[in-house]
Amino acid sequence: PLHKACQWDIVTNLDFVELHLEAEANPNAKDQQGLTPLICTTPYAPSAANYLLNRPTTDAKITGRSGQYFPANVRSTITAISDQNTHPDNPDKVQHRFLLQQWHDIEKMLVERAT
């Protein structure tokens, strides 16, 4: 359930994420595809990523079964959103700018923590 609460394809409710963690859900557990809840946050749930990263038990260094690595996913997300924002006819430019700032903040946090 924590993986689903963190997925990018749904509206992330941080209260729901918190509820799972308070019920002792493992923030480092891998799902059937080998993904952690943190990896599931990319590319559209930076608030859930930030929430998980601020928990001392979350490990951003875990690699998924297919080689997914959260810091690399963040960098790829930043690149993809930046590329989308260069298109003058992008109807989601404001949303993408907001997401981009959040992912930049998360990347900075990861660098500061040397992950």
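What follows is about the overall build of the protein chain. On a plain count of helices and strands, the protein chain comes out with 6 helices and 0 strands. N-terminal to C-terminal, the α/β element order of the protein chain is α-α-α-α-α-α. Taking 2.2 N^0.38 as the reference for a compact globule, 115 residues should give roughly 13 Å; the C-alpha atoms of the protein chain span a radius of gyration of 14 Å, in line with that estimate. For the protein chain, the spread of C-alpha atoms along the principal axes amounts to about 45 × 30 × 25 Å. Taking all 115 residues of the protein chain together, 41% fall into the buried category. Of all intrachain contacts in the protein chain linking residues separated by at least 6 positions in sequence, the fraction that spans at least 24 positions is 64%.

Once that is clear, we can look at the pattern of salt bridges. One pass over the full model with this rule turns up 1 salt bridge. Between E107 and R75 there is a salt bridge, with the nearest N and O atoms lying 2.7 Å from each other. With E107 in helix 6 (residues 93–112) and R75 in helix 5 (residues 70–85), this residue pair connects regions lying 32 residues apart in the sequence.

Across the interface, helix 2 (residues 14–22) lies against helix 4 (residues 46–53) with an axial gap of 10 Å and an inter-helix angle of 30°. Judged on the interaxial angle alone, helix 4 and helix 2 are roughly parallel. Handedness of the crossing formed by helix 2 with helix 4: right-handed. Contacts from L14, V17, E18 and L21 in helix 2 reach S47, A48, Y51 and L52 in helix 4. For the contact of helix 2 with helix 4, the residue count by class is 6 nonpolar, 1 polar and 1 charged.

Rules used throughout
Residues numbered from 1 in each chain as written. Predicted model: local features only at pLDDT ≥ 70, side-chain atom pairs only at ≥ 80, totals over all residues. Heavy atoms only, no water. Helix = DSSP H or I, 4+ residues; strand = E, 2+ residues; numbered from the N terminus. Rg over C-alpha atoms; globule rule 2.2 N^0.38 Å. Buried < 20%, exposed > 50% of the residue type's maximum accessible area, 1.4 Å probe, protein only. Contact = heavy atoms within 4.5 Å. Salt bridge = Lys/Arg side-chain N within 4 Å of Asp/Glu carboxyl O. Axes fitted to C-alpha atoms, helices over the stretch in contact; angles between N-to-C directions. Parallel < 35°, antiparallel > 145°, perpendicular 65-115°, else oblique. Left-handed = near helix turned anticlockwise from the far one by under 90°. Nonpolar A, V, L, I, M, F, W, Y, C, P; charged D, E, K, R; others polar.

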